Amino acid sequence: MKHCEYQQIDPQALSTPTPTLPPQHAVVEEEKGETARRKWEVFPGKNRFYCDGRIIVAQQSGVLPLTLGLILVTTVLFFVFDCPFLLKHLTVFIPAIGGVLFVFVVISLLQTSFTDPGILPRATPDEAADIEKQIDNSGSSTYRPPPRTKEVMINQQVVKLKYCFTCKMFRPPRTSHCSLCDNCVERFDHHCPWVGNCVGKRNYRFFYTFIVSLSFLTVFIFGCVATHLALRAQGGRGLMFALQESPASAVELVICFFSVWSILGLSGFHTYLVASNLTTNEDIKGSWSGKSGAEDTGNPYSYNNIITNCCSVLCGPMPPSLIDRRGFMPVEESSQTVATEIELAAKNEINVCTQGTKDLLESASRSPCPQTGKPQTVSTSCPDSIDPADPAVTFNPAVTPDPVAVPSLKCGGRHHSHTTSPPDEPRQQHHHHNRHHKTRSTQSSSKRAALHISNPAYNVSLSPPTSPGLGPSHATGAEDHRRDSFAALH
Amino acid sequence: MAETHSLQDMRQQAAIAAKVFIQRDYTNGTVCQFQTKFPSELETRIDKQQFEETVRTLNNLYAEAEKLGGSSYLEGCLACLTAYTIFLCMETHYEKVLKKIAKFIQEQNDKIYAPRGLLLTDPIERGLRVVEVTIFEDRSLGR
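What counts, and at which threshold
- Residues numbered from 1 in each chain as written.
- Chains lettered and ligands numbered in written order.
- Predicted model: local features only at pLDDT ≥ 70, side-chain atom pairs only at ≥ 80, totals over all residues.
- Heavy atoms only, no water.
- Helix = DSSP H or I, 4+ residues; strand = E, 2+ residues; numbered from the N terminus.
- Buried < 20%, exposed > 50% of the residue type's maximum accessible area, 1.4 Å probe, protein only.
- Contact = heavy atoms within 4.5 Å.
- Expected span 1.5 Å × (residues − 1).
- Arc of directions from axis to C-beta.
- Axes fitted to C-alpha atoms, helices over the stretch in contact; angles between N-to-C directions.
- Parallel < 35°, antiparallel > 145°, perpendicular 65-115°, else oblique.
- Nonpolar A, V, L, I, M, F, W, Y, C, P; charged D, E, K, R; others polar.
- Phe/Tyr/Trp six-rings, centres within 6.5 Å; stacked < 30°, edge-to-face > 60°.
- Lys NZ or Arg CZ within 6 Å of the ring centre and 35° of its normal.
- pLDDT = per-residue confidence, 0-100.
- Pairing = 2+ DSSP bridges.
- Salt bridge = Lys/Arg side-chain N within 4 Å of Asp/Glu carboxyl O.
- Core = buried A, V, L, I, M, F, W, Y, C linked by side-chain atoms within 4.5 Å.

Caption draft 1: View of the overall build of chain B. Along its length, chain B carries five helices and three strands. Walking chain B from its N terminus toward its C terminus, one meets helices and strands in the order α-β-α-α-α-α-β-β. Out of the 143 residues belonging to chain B, those deemed buried represent 54%. Sequence separation of 24 or more characterises 60% of the internal contacts of chain B that already satisfy a separation of 6 or more.

Below, the structure is given as structure tokens:
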């Protein structure tokens, strides 16, 4: 059948068909689609999934356990050691307010960490081929390689869209490729190790709620503990006496004192970003502030009204997840088409082949089917594409092996060394981030140095790749080596 | 469904000749809009007006989904107050409009595109990047 031929061409034309795919088909065939794999299992990015795809986190959880631990420990100490005293001497609202704030903090933290930040699924092979064709047609290729950028006019301003070699598409505006997660993320803000996830379009509001409520909680606990100690120290008994009576308060004081400055600073910084409809990425790179040398700068996305900006960022409609994590993988092999098609027809799936288009019609009647990280897409990340961390400024056509084709989920964790590298333009806000980390955890200084929060610029690569065989020379170069060797094992 | 069976039959007789991708139009920012420019590959298959009408309606639907207005702000504020837990139980406005869009696309496929040997793919299946139009070979149909 014609469509079977088409299907066969597709996976075979790809350089490295995913190794997981054949076993999947075998499994599906044998078990009649009962163990059909879900799309999250073959997701090409470096994310981990839990609860059968409901929860998504980054490759490494970063310091999320530490963040949670600090918050829990401090709050529990507060409730156990300070609240009884304050309840007796002051008011019942203190533990009540503390409880509400704590709940808000934990819920928003978990939502930030476990929500898809706005990952853009990779281009299907057909799309990628189409784009390549367009580039080849339009590229001058006379005196230099065809530029992998596209210029568009947004609100009368010229914006350059870069081509992402990993995801095989021109990135929409404000989208950036996170090399730690190996995904393009819409409205990419930064990759936050404290929450163990990228912060992007879909979870920015959770992140903002988290840091604002955490600031309130920290200030609240700090204030209450200080009041507690002051009350105990009354009557000339002195602070030392108070501390001896309630040593836990000292611990809380120290933690809160060091956190409050960085958290407050971070909240202030993000409030500024929200009010001007900027992302951390854009702010640090100076995309709209004229530092890039463009004449007509000014944020084309801003509504030029603080209230509107705030509302649109925080209270705007919640975009859906574009990666259909829990959808089922379509079956690729022609022999299993008839048998499994029927089972899969009931589930959300997509397929670039004709078979999928038929199912599409059926499934379209049921519900929208978000896109997936597809195995075909995965396997077309050919070895001759550039490293995922794209050049921040210049296009570097140097080809580097791109091992990101290999889905990592089944194979344990890859090692990432999150190394720090200074941003291009150290700024006050960035300094806030630095301080934020320094003060958060005095004990894990080495880890802190490694897990630098928020310079997304180096997620996007500060410098162009220098060694084609090994990846960019910047911070995440080390991880690329390991990825390469890991991919070789695959 | 009768329509899909007919499409299936047609497809079994026809093969995919080409795919056309309608890219996004970013002139108004990051809102989801697609270019209404009529691709040359479809010239022999479908009327320009018809096609542009489809894309324009799609654009309007997406604009409706992403509209910043009273109801979306209300939804956002309510969500914030409940620490965003209502997203776990409630369907968002965007999702409701996406369902409408899926229905619209299916309807367009059934009525207009399938008879002409074309198939529109819901953009959400492609990560809202492109509208994929699959062109089937015109062997069995006498056009």
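What follows continues from the structure just given.
Caption draft 2: A look at helix α3 (residues 70–81) of chain B. Residues and elements named next belong to chain B. Here α3 is 12 residues long and its end C-alpha atoms lie 16 Å apart, about the 16 Å a rise of 1.5 Å per residue gives. Within α3 the residues assigned to the buried category are Ser-72, Glu-75, Gly-76 and Ala-79. Each buried residue of α3 sits inside an arc of 95° when the element is viewed along its axis, so together they form one side. Across from the buried face of α3, at angles greater than 90 degrees, the exposed residues are Gly-70, Leu-74 and Leu-81. Its buried side turned inward, α3 meets α4 (86–89) and α5 (93–113). In the stretch just after α3, Ala-83 is the one whose phi turns positive, near 55°.

Caption draft 3: Here's a closer look at the packing of helix α2 (residues 48–65) of chain B against α5 of chain B. Residues and elements named next belong to chain B. At a minimum axis separation of 9 Å, α2 and α5 run at an interaxial angle of 170°. Accordingly, the angle class assigned to the pair α2 and α5 is roughly antiparallel. Where α2 abuts α5, its residues Gln-50, Phe-51, Thr-54, Thr-57, Leu-58, Leu-61, Tyr-62, Glu-64 and Ala-65 lie against His-93, Tyr-94, Val-97, Leu-98, Lys-100, Ile-101, Phe-104, Ile-105, Gln-108, Ile-112 and Tyr-113. Here the residues of the contact of α2 with α5 sort into 13 nonpolar, five polar and two charged.

Caption draft 4: Region of the structure containing the packing of aromatic side chains. Residues and elements named next belong to chain A. All told, the structure shown has 11 aromatic pairs over all chains when counted by the stated rule. When the centroid spacing of 6.1 Å and the interplanar angle of 70° are considered together, the rings of Phe-78 and Phe-220 count as edge-to-face. With Phe-78 in helix α3 (residues 64–89) and Phe-220 in helix α6 (residues 204–232), this pair connects stretches of sequence that are 142 residues apart. Accessibility classification places Phe-78 together with Phe-220 in one group, the buried group. By the ring-pair criterion, three or more aromatic residues cluster together here, those being Phe-222, Phe-257, Phe-258 and Trp-261. Seen from the ring of Tyr-204, Arg-187 lies directly overhead, with NZ or CZ sitting 5.5 Å from the centre.

Caption draft 5: Just the confidence of the model for chain A, in detail. Scored by pLDDT, chain A comes out at a mean of 68, with 56% of its residues at no less than 70. For the stretch residues 367–490 of chain A, pLDDT sits under 50, and the model shows 336 contacts to residues farther than four places along the chain or on other chains.

Caption draft 6: Structural view of the sheet that holds strand β6 (residues 169–170) of chain A. Residue and element names in this part refer to chain A. An order of β4-β5-β6 is seen for the three strands of this open sheet, with the pairing classed as antiparallel. Every interior strand has two partners, whereas the edge strands, β4 (149–154) and β6, have only one. Sheet analysis places β4 next to strand β5 (residues 157–164), joined by six bridges and oriented antiparallel. Across the sheet, Glu-151 pairs through a bridge with Lys-160, a residue of β5.

Caption draft 7: Focus on the pattern of salt bridges. A complete count under the given rule lists 15 salt bridges over all chains for this structure. A salt bridge links Arg-129 of chain B to Glu-127 of chain A; the nearest nitrogen and oxygen atoms lie 2.8 Å apart. Of this pair, Arg-129 of chain B sits in the loop between β2 (118–121) and β3 (131–136) while Glu-127 of chain A sits in helix α5 (residues 125–138), each in a different chain. With relative accessibility at 3%, the residue Glu-127 of chain A sits in the buried group.

Caption draft 8: Quick look at the sheet that holds strand β1 (residues 16–22) of chain B. Residue and element names in this part refer to chain B. Taking strand neighbours across the sheet as the criterion, the three strands line up as β1-β3-β2 in an open arrangement whose pairing is antiparallel. With partners counted over all chains shown, the strands left at the sheet margins are β1 and β2, one partner each. The average undirected angle you get between the axes of adjacent strands in this sheet is 20°. As paired elements, β2 and β3 share four bridges and run antiparallel to each other. In the strand pairing of β3, Leu-119 is matched with Thr-134.

Caption draft 9: Inspection of the nonpolar core at higher detail. Residue and element names in this part refer to chain A. Core analysis: the biggest nonpolar cluster contains 48 residues, and Ile-71, Phe-78, Val-159, Tyr-204, Phe-210, Leu-214 and Leu-217 have the highest contact counts within it. Elements supplying a minimum of two residues to this core: α3, α4 (93–114), β4, β5, α6, α8 (247–275) and α10 (306–314). If you tally residues by element for this core, the top one is α6, at 12 residues. Beyond its immediate stretch of four places on either side in the chain, Phe-78 contacts Cys-83, Leu-86, Ile-94, Phe-220, Ile-221, Cys-224, Val-225 and Glu-252.

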